[in-house]
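Report on the structure
Listed below are the residues making up each chain.
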Amino acid sequence: MPSLPPVNALTRMNATVKDLFIQLYDLSPLDLEILFMLIGRNHSKNNNNNGDESMTLDEVSKEVDRDRSTTFRSLQKLVSLGLCVKETKTIKEGGYYHVYSPVDMQTFKVETEKRVKELQKSLDRLLKKFEADMHKAISSMYEKNNNIVQDYILLFLLIYYK
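The text that follows walks through the structure, step by step, so that each part is easy to find.

Our focus in this paragraph is the environment of E59. Relative to the assigned elements, E59 resides in helix α4 (residues 57-64). Among the polar contacts listed, one links the side chain of E59 to the backbone nitrogen of T56, at a separation of 2.8 Å.

Quick look at the structure:
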């Protein structure tokens, strides 16, 4: 599982769409490569009206120059995240195979907006918790310091009036 880059990867001036997807979907470089390859292929096929824009596991593996099992794991992740669609095709002579294609851009946009809103809510919640925790810590420290001062005063009074 790839480690997430820090949030500042999104807030710097030269942040990219890839940075956003890495943060929102926890995608590896290979996951991103496959996703953008499928989207690009889908876009070019739609512009050329060549019909089916989906790809088999073997086609994707060859395109990204990775073995089938590694490619399969990335495709499964993309399908589970709702970024790709896996369809079963039947062979006339018997049997079947799977093809993969990206979800339509509107669905992708809606899902990404939803995740951005969830991230914003999470950050807002964290900030409120941080504020409450800081208030508790400061109050506790003030109380502790107050008790220490009172202890010193009592000690001083006991020594002075002894």
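With that out of the way, let us pick up unusual backbone geometry. For D26, which is not glycine, the phi torsion reads 55 degrees and is therefore positive. In this fold, D26 is placed in the loop between α2 (17-25) and α3 (29-48). Backbone geometry places D65, a non-glycine residue, at a positive phi of 55 degrees. Here D65 is to be found in the loop between α4 and α5 (68-80).

Before going further, it helps to examine the pairing of strand β3 (residues 96-102). In the sheet, strand β1 (residues 55-56) pairs with β3 via 2 bridges, with the strands oriented antiparallel. Residue pairing for β3: T56 is matched across the bridge by V99. Following strand β2 (residues 84-90), the chain reverses through 5 residues before pairing antiparallel with β3; G94 in that reversal takes a positive phi of roughly 115 degrees.

Further remarks concern the sheet that holds β1. With respect to topology, 3 strands assemble into an open sheet ordered β1-β3-β2, the strand pairing being antiparallel. Looking at the sheet topology across the chains shown, the edges are occupied by β1 and β2. With respect to the sheet, α5 is in contact with β2 and β3, its orientation differing from that of β2 by roughly 110 degrees.

Glancing now at the nonpolar core. Core analysis: the largest hydrophobic core is formed by 23 residues, its most contacted members being Y25, L27, I34, L35, L83 and F108. For this core, the secondary structure elements donating two or more residues are α2, α3, α4 and α5. In terms of residues, this core owes the most to one element, α3, which gives 7 residues. Those residues in contact with I34 that lie beyond four places of it in its chain are V60, V64, T71, S74, L75 and L78.

The rules behind these values
Residues numbered from 1 in each chain as written. Predicted model: local features only at pLDDT ≥ 70, side-chain atom pairs only at ≥ 80, totals over all residues. Heavy atoms only, no water. Helix = DSSP H or I, 4+ residues; strand = E, 2+ residues; numbered from the N terminus. Polar contact = N/O pair within 3.5 Å; in protein donor to acceptor, adjacent residues only side chain to side chain. Pairing = 2+ DSSP bridges. Contact = heavy atoms within 4.5 Å. Axes fitted to C-alpha atoms, helices over the stretch in contact; angles between N-to-C directions. Core = buried A, V, L, I, M, F, W, Y, C linked by side-chain atoms within 4.5 Å. Buried < 20%, exposed > 50% of the residue type's maximum accessible area, 1.4 Å probe, protein only.

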